[in-house]
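Observations on the three-dimensional arrangement
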Amino acid sequence: DTSQQAADLPPRALVFSKGKVSAPLKALVNDLKNVMSPNTARALRAQRRNKLRDFVDVAGSLNVSFFLIVSSTDKSAYLRLIRSPRGPTLTFRIKSYALAADLAASLRRPYSAGHGIWQSNPL
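Note that the coordinates shown come from a computational prediction; the quantities given were computed from them, not determined experimentally.

**Details of the sheet that holds strand E1 (residues 13-17)**
The strand order across the open sheet formed by 4 strands is E1-E2-E3-E4, and the pairing between neighbours is mixed. One side of each edge strand has no neighbouring strand; the edge strands of this open sheet are E1 and strand E4 (89-94). Between one strand axis and the next, the sheet turns through 15° on average, direction left out of account. Direction of pairing for E1 relative to strand E2 (residues 66-72): parallel, over a ladder of 5 bridges. Looking at the pairing, leucine 14 lines up with phenylalanine 67 of E2. Lying over the sheet, helix H2 (residues 23-36) contacts E1, E2, strand E3 (77-83) and E4, oriented at roughly 170° with respect to E1.

**Some words on the environment of leucine 44**
Within the secondary structure, leucine 44 is located in the loop between H2 and helix H3 (52-62). Considering only alpha carbons, one finds leucine 44 and phenylalanine 16, 28 residues apart in sequence, at a separation of 7.5 Å. Setting aside its immediate chain neighbours within four residues, leucine 44 contacts Leu14, Val15, Phe16, Lys33 and Phe55.

**Re the packing of aromatic side chains**
Applying the stated criterion across every chain yields a total of 1 aromatic pair. On the basis of an interplanar angle of 75° and a centroid distance of 6.4 Å, the ring pair of phenylalanine 16 and phenylalanine 67 is categorised as edge-to-face. You can see phenylalanine 16 sitting in strand E1 and its partner phenylalanine 67 sitting in strand E2, a full 51 residues away along the chain. Using a relative accessible area of 2% as the deciding quantity, one classes phenylalanine 16 as buried. What makes phenylalanine 67 buried here is its relative accessible area of 1%. The residue whose ring lies beneath arginine 83 is phenylalanine 66, and the NZ or CZ to ring-centre distance is 5.1 Å.

**Here's the deal with the confidence of the model for the protein**
Overall, the predicted model of the protein reaches an average pLDDT of 81, with 85% of residues at or above 70. Between the elements of the protein, mean pLDDT differs from a low of 62, seen in helix H1 (residues 2-8), to a high of 94, seen in E4.

**Things to note about the environment of serine 72**
Relative to the helices and strands, serine 72 resides in strand E2. Along the primary structure serine 72 and valine 21 are separated by 51 residues, whereas in three dimensions their C-alpha atoms are 5.6 Å apart. Apart from residues no more than four positions distant in its own chain, serine 72 is found in contact with Lys20, Val21, Leu25 and Ala77.

Conventions adopted
- Residues numbered from 1 in each chain as written.
- Predicted model: local features only at pLDDT ≥ 70, side-chain atom pairs only at ≥ 80, totals over all residues.
- Heavy atoms only, no water.
- Pairing = 2+ DSSP bridges.
- Helix = DSSP H or I, 4+ residues; strand = E, 2+ residues; numbered from the N terminus.
- Axes fitted to C-alpha atoms, helices over the stretch in contact; angles between N-to-C directions.
- Contact = heavy atoms within 4.5 Å.
- Phe/Tyr/Trp six-rings, centres within 6.5 Å; stacked < 30°, edge-to-face > 60°.
- Buried < 20%, exposed > 50% of the residue type's maximum accessible area, 1.4 Å probe, protein only.
- Lys NZ or Arg CZ within 6 Å of the ring centre and 35° of its normal.
- pLDDT = per-residue confidence, 0-100.

This is the structure in C-alpha cells:
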C-alpha cells in the first residue's frame, strides 16, 4: 500500500549548494528551486555543518526522491543529481549558465508572472 501511494506522488527534490560557492551560483540554486517548485523545499537553507547524510535521513519522511547539489572547485562548478535512496548519482560540469535575472534584463519588456504561478502544478 505505501509503495503504491509513493508511486502516485510526484517526484520531490531538495536543491541546495554544498561547500563554498560564489554569489552567481547561489542565484542559480534559487532559480533551480523556482523551476522545481512546487515539489521542492524553497526555504531550505543548507548550513556549513550539514552533511549529505542529514539530508538523506530527512528525505524518507518528506518523500524526497532527488537531490540537486551545486558545488564549486577552483577549476569548475558542478551539479550532482542524486536519486534517493539508492539510485545512481549523475555529475555534470557546469560550463555556462544564464540566470532568470539575466534573461529578464536582456528583454525589452520582461514578463513577470509573479511567484503565484510557481505554487501549483501546471497540469
